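Each chain is listed here by its residues.
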Amino acid sequence: APVATARLHSDPLERIGVRAGDDGAQFVLKNSADPFFVKGFNYVRLRGDHATFDADTKSSKAHYDPDRAEAMFSALRQAGYNTVRVFVIGRSKTNPGIAGDFDTTKALHEPYMENVLDFLRRATRHGIRVFPTFGDGGLPLSAYYRNRVRAKGHNKNVLVLTKEGVAARAEHITSFLSYIKEKEPALLPTLLGLKCQNEAYLRADQWPFTGKNGKFIAANGKSYDLSKTDERQALMDEGYRHYHERIVAAVKAV
């Protein structure tokens, strides 16, 4: 149907797969095998931060606006677009996001996730895919997570190079996905995918690279000599590859 007369969807969206070809891989709709080309935008409701799905907490007011989300989806559908990228954030008291209140004992703030579900329902009705991006590259600002990594100082290196850090990151990401799967699995095909690591990097001026000698045993189980430049580089390269493999395996398990 012409874009202007496209109807709202009432059923789950068709899943997207990957098909290999002579010119490389491409996205396809799994049932029809028609090519799928990603056409869309970042949806970022700026309040000085990424507060798109923020719900009420002790330190901040809710910021999610379903009416504005609905208007955005309608405009994109009529213009022929099919994808919206959003950021999953929980990094500060002014933007608590998925973390909720700091003293929570849960992996995620359920009112925040209910806003995400509302957003996904609206996207589904308009035939728009959603691409969540874990924008912090870290952990939500909550006691549930931060107390687990605080002993070594909270920096990105801990989350990538230690078993505790990798496990916490995997739980953060999979708890988001599992919540959707448990509450409303029909919304899962609306997800284009998950971007699990935004702006990937390690800090050469923070632990464990501040150590100039001795051995460091990374999350991959290998030992690295911090007095040798090539082993410090190998720690970064191999550590990040191990981290990505663990995260991908955890997500695909859900």
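In this text the structure is predicted, and so the values were computed from the model without any measurement.

(A) Looking closely at the sheet that holds strand β4 (residues 83-88). Within the open sheet, the three strands sit side by side as β3-β4-β5. Their pairing is parallel. Of all the strands in the sheet, just β3 (40-42) and β5 (129-134) have a single pairing partner and so form its edges. Taken pair by pair, the neighbouring strands of this sheet meet at an average axis angle of 20 degrees, ignoring direction. Alignment of β4 against β5, held across six bridges, turns out to be parallel. Note on β5: the bridge partner recorded for V88 is F134. In the packing of helix α5 (residues 163-183) onto the sheet, the strands contacted are β4 and β5, and the crossing angle to β5 comes to about 160 degrees.

(B) Geometry of the layout of surface pockets. What the largest pocket holds in volume is close to 640 Å³. Looking at the largest pocket, it is lined by 19 residues, and the ones nearest its centre are L191, L192, G193, L194 and V251. For the lining of the largest pocket, the secondary-structure elements that each account for two or more residues are β1 (16-19) and α6 (229-253). In the lining of the largest pocket, the residues fall into 13 nonpolar, two polar and four charged.

(C) Representation of helix α2 (residues 110-125). With 16 residues, α2 should reach 22 Å at 1.5 Å per residue; the first-to-last C-alpha distance of 23 Å fits that figure. Those residues of α2 that sit buried are Y112, M113, N115, V116, L117, D118, F119, L120, R122, A123 and T124. Those residues of α2 hidden inside the fold are in contact with α1 (66-79), β4, β5 and α5. Looking one or two residues past α2, G127 carries a phi angle of roughly 70 degrees, positive in sign.

Thresholds, definitions, all that
- Residues numbered from 1 in each chain as written.
- Predicted model: local features only at pLDDT ≥ 70, side-chain atom pairs only at ≥ 80, totals over all residues.
- Heavy atoms only, no water.
- Pairing = 2+ DSSP bridges.
- Helix = DSSP H or I, 4+ residues; strand = E, 2+ residues; numbered from the N terminus.
- Axes fitted to C-alpha atoms, helices over the stretch in contact; angles between N-to-C directions.
- Contact = heavy atoms within 4.5 Å.
- 1 Å grid on protein atoms, 1.4 Å probe; cavity = no way out; pocket = protein on both sides within 12 Å on 5 of 7 lines; lining within 4 Å.
- Points joined across faces, edges and corners; volume = space filled by probe spheres on them.
- Nonpolar A, V, L, I, M, F, W, Y, C, P; charged D, E, K, R; others polar.
- Expected span 1.5 Å × (residues − 1).
- Buried < 20%, exposed > 50% of the residue type's maximum accessible area, 1.4 Å probe, protein only.

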